[in-house]
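Below are the chains, spelled out letter by letter.
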Amino acid sequence: MPTHVLPEAHGDERGALLAFLEAQRGGVRRTLLGLTDEQAAQKPSASELSLSGLLKHVAETELGWLRRAQQRPSEVARTEETWADSFRLVEGESVAGTLAFWDKTARETEEWIRSVPSLDDTFPLPEAPWFPPASRVSMRWLVLHLIEETARHAGHADIIRESLDGKTAFALVAEASQG
């Protein structure tokens, strides 16, 4: 779980982007250190978000964007009725299982990004009111968007964790490096 992203090898843009994405994933993962599933499900701040819910959301979101880029259907399809379930663990789900799901997705994201012929290759965005009609984005955009999405939620997770037990991101970095 890197906390400082090392400079990329000369010309390795893919490696640099993936390293920054992994650093943000680490920020989310660290907020769960030492917590039970019950603690991770608590909502101690003004938000309706929990750490386990954020974990599930970023994992499902990464998979969804990966499948969009691959132009394949996602294994996790959400409807208006199931949207709230993307922000909470449901029967049979656990933090450990969700972390394993995200780790698998992260490996697949890295393999995909390293395998595409060019980061300039594009894929279509879905039809939605928040996207311009008939839009396409690059693989570079995909990784930058995943960094943005994960970083935003890593910040949410920091606040939730500090509200739970007072542990800050820096304390968790130290804890992670000891164990």
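Everything quoted here is computed from the prediction, not taken from an experiment.

(A) Region of interest: the overall build of the chain. Helices and strands together make up the secondary structure of the chain, namely six helices and two strands. Here the C-alpha atoms of the chain give a radius of gyration of 17 Å, agreeing with the 16 Å that 2.2 N^0.38 yields for 179 residues. Across its three principal axes, the chain shows a C-alpha extent of roughly 45 × 45 × 25 Å. In the chain, which comprises 179 residues, the share counted as buried stands at 40%. In the chain, the proportion of contacts linking residues at least 24 apart, taken out of those at least 6 apart, comes to 69%. Accessible surface for the chain amounts to roughly 9,900 Å². Of this, 55% is attributable to carbon and sulfur atoms. A distance of 2 Å separates the average location of the 19 positive side-chain charges in the chain from that of its 28 negative side-chain charges.

(B) Broad picture of the packing of helix α3 (residues 51-70) against helix α4 (residues 95-115). At a closest axis distance of 9 Å, the pairing of α3 and α4 adopts a crossing angle of 30 degrees. Relative to α4, the element α3 is oriented roughly parallel. In this structure, α3 crosses over α4, and the sense of that crossing is left-handed. The segment α3 lies against α4, with Ser52, Leu55, Lys56, Val58, Ala59, Glu60, Glu62, Leu63, Leu66, Arg67, Ala69 and Gln70 engaging Val95, Thr98, Leu99, Phe101, Trp102, Thr105, Ala106, Glu108, Thr109 and Trp112. Classifying every residue of the contact of α3 with α4 gives twelve nonpolar, five polar and five charged.

(C) Spatial organisation of the packing of aromatic side chains. Taken as a whole and assessed by the stated rule, the structure comprises four aromatic pairs. With centroids separated by 6.2 Å and ring planes inclined at 80 degrees, the aromatic side chains of Trp65 and Phe131 adopt a geometry described as edge-to-face. With a gap of 66 residues between them, Trp65 in helix α3 and Phe131 in the loop between β1 (122-124) and β2 (136-138) connect regions that are remote in the sequence. Exposure remark for Trp65: the relative accessible area of 8% places this residue in the buried category. Residue Phe131 is classed as buried on the basis of its relative accessible area of 17%. Plain terms: the ring middles of Trp83 and Phe87 are 5.7 Å apart, the flat faces sit at 75 degrees to each other, and that makes the pair edge-to-face. A residue is classified by how much of its surface remains accessible, and Trp83, at 46% relative accessible area, is partly exposed. Taking the relative accessible area as the measure of exposure, Phe87 reaches 22% and is therefore partly exposed. A connected cluster of aromatic rings, assembled from ring pairs, spans Trp65, Trp130, Phe131 and Trp141.

(D) Fine view of the side chain of Thr31. Within the secondary structure, Thr31 sits in the loop between α1 (13-30) and α2 (37-40). In this structure the side chain of Thr31 is engaged in a polar contact, spanning 2.6 Å, whose partner is the backbone oxygen of Val28. Beyond its immediate sequence surroundings of up to four residues, Thr31 is in contact with Leu51, Ala157, Asp158, Arg161 and Leu172.

(E) Summary view of the pattern of salt bridges. Under the defined criterion, the tally for this structure stands at 16 salt bridges. Among the ionic pairs, Glu62 bridges to Arg25, the shortest N-O distance being 2.7 Å. One end of the pair, Glu62, is in helix α3; the other, Arg25, is in helix α1, with 37 residues separating them in the sequence. Here Glu62 and Arg25 have matching classes, each one buried. Taken together, the shared-partner salt bridges connect Glu22, Arg25, Arg29, Glu62 and Asp103 into one network.

Thresholds applied
- Residues numbered from 1 in each chain as written.
- Predicted model: local features only at pLDDT ≥ 70, side-chain atom pairs only at ≥ 80, totals over all residues.
- Heavy atoms only, no water.
- Helix = DSSP H or I, 4+ residues; strand = E, 2+ residues; numbered from the N terminus.
- Rg over C-alpha atoms; globule rule 2.2 N^0.38 Å.
- Buried < 20%, exposed > 50% of the residue type's maximum accessible area, 1.4 Å probe, protein only.
- Contact = heavy atoms within 4.5 Å.
- Areas by Shrake-Rupley, 256 points an atom, 1.4 Å probe, with all protein chains shown as cover.
- Lys, Arg positive; Asp, Glu negative; His and termini not counted.
- Charge placed at Lys NZ, Arg CZ, Asp CG, Glu CD.
- Axes fitted to C-alpha atoms, helices over the stretch in contact; angles between N-to-C directions.
- Parallel < 35°, antiparallel > 145°, perpendicular 65-115°, else oblique.
- Left-handed = near helix turned anticlockwise from the far one by under 90°.
- Nonpolar A, V, L, I, M, F, W, Y, C, P; charged D, E, K, R; others polar.
- Phe/Tyr/Trp six-rings, centres within 6.5 Å; stacked < 30°, edge-to-face > 60°.
- Polar contact = N/O pair within 3.5 Å; in protein donor to acceptor, adjacent residues only side chain to side chain.
- Salt bridge = Lys/Arg side-chain N within 4 Å of Asp/Glu carboxyl O.

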